[in-house]
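Next come the chains, spelled out residue by residue.
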Amino acid sequence: MCLYELDGVVKKYGDRTIVNVKKLNINKNKIYAVLGPNGAGKSTLLRLLNLLERPDHGSLKFLGQEVNTAGRRLDIVRQMCMVFQKPHMFRATVLENVAYGLKLRGKSTGEIKKLSEEMLSVVGLSHFSKSPAYKLSGGESQRVAIARALVLRPKLLLLDEPTSNLDPNNVNIIEDIIRFSQREYGMTVIIVTHNFFQAKRLSDETLLLLDGKVIEKNNTPDFFNNPQDERTKGFLDGTMVY
C-alpha cells in the first residue's frame, strides 16, 4: 500500500516554483534516499510530506487520505516525525529530551521512563541519560533527536541530511539506527542526503530531484548502475554541474 501519493504537487515561494512533482508514490516499510544539488527542493519536499507546508496546487495523499486541504490534523501528524540537519536540544537532560513527545501525548510516568530509557539504549547513549543535552557533541545531539522521534513509533521518519558534517563513527552509528528502526518498527524512512555512498548503503529506492522535479526514481542498484535519464547520469558522474 502507498504511504504517499503525490499528483501534480506544486509549491511556490513568491514567483519561484520550488517543488513541481507530477507523480510520486512512496510505499510503506522502505528506505528512500533523495538526492539533488543545493536548491533542488529537497528540504521543501520533506516539509510538504511532513505537512509543515501546503502545496499551492495538486493532490497530496497520506495512506489514501487527501491531506493538503485538511490542515495539520493531529491524528495524521502524529504518524510522522522529522529530524532536521541541526536539531534543537531543550535545556534539560538527555532523558527528558527523549521523553518530551511522550509527555505531550499523555503517557504515564512509568511508561515514559521505560520507553525513553529503551530508546536511549538503542541509540547508544544510556550513559548520558542525566547529562545536559545542550552540552552534547553534534553527533550525540543528532542521535538524541532521532531517539526523540523514534520513541513515538511513527509510521514515517523524515531525515534532512542527518549525518552532514559528522565524523565517520557517528555516521555509522546513525545509519545502523536507521536500518534497525526500519526493520524493527516497520516504518518508512525518507532521507535527504548529498552522500551517494550513504544512499547506496541505506536505501531501497533512490530518487533525484532537479529544479523541484523528480527526474528519476528507481530501486537503488538500478538507479546508480543503470540510470535512465541523461541528467541522472551527468549528476552521478559529475559531468553535469548544477
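Note that this is a predicted model, so its numbers are computed, not measured. (Residues numbered from 1 in each chain as written. Predicted model: local features only at pLDDT ≥ 70, side-chain atom pairs only at ≥ 80, totals over all residues. Heavy atoms only, no water.)

A word on the overall build of the protein. Looking only at helices and strands, the protein has 9 helices and 10 strands in total. Relative to the compact-globule value of 18 Å for 242 residues, the protein shows a C-alpha radius of gyration of 18 Å, a close match. Along the first, second and third principal axes, the C-alpha set of the protein runs to 55 × 40 × 35 Å. When each of the 242 residues of the protein is scored for burial, the buried share is 50%. (Helix = DSSP H or I, 4+ residues; strand = E, 2+ residues; numbered from the N terminus. Rg over C-alpha atoms; globule rule 2.2 N^0.38 Å. Buried < 20%, exposed > 50% of the residue type's maximum accessible area, 1.4 Å probe, protein only.)

Here we come to the pairing of strand β2 (residues 16-27). With 10 bridges joining them, strand β1 (residues 2-13) and β2 adopt antiparallel strand pairing. The residue of β2 that forms the bridge with K11 is V19. Hairpin connection from β1 to β2: 2 residues lie between these consecutive antiparallel strands, with G14 at a positive phi of about 70 degrees. (Pairing = 2+ DSSP bridges.)

It is the contact of helix α3 (residues 94-104) with helix α4 (residues 109-122), at a shortest axis distance of 9 Å, that shows an interaxial angle of 125 degrees. Between α3 and α4, the crossing angle belongs to the class labelled oblique. α4 is crossed by α3, and the crossing has right-handed handedness. Across the interface between the two elements, V94, L95, V98, A99, L102 and K103 from α3 touch I112, L115, S116, E117, M119 and L120 from α4. Considering only residue class, the contact of α3 with α4 consists of 9 nonpolar, 1 polar and 2 charged. (Axes fitted to C-alpha atoms, helices over the stretch in contact; angles between N-to-C directions. Parallel < 35°, antiparallel > 145°, perpendicular 65-115°, else oblique. Left-handed = near helix turned anticlockwise from the far one by under 90°. Contact = heavy atoms within 4.5 Å. Nonpolar A, V, L, I, M, F, W, Y, C, P; charged D, E, K, R; others polar.)

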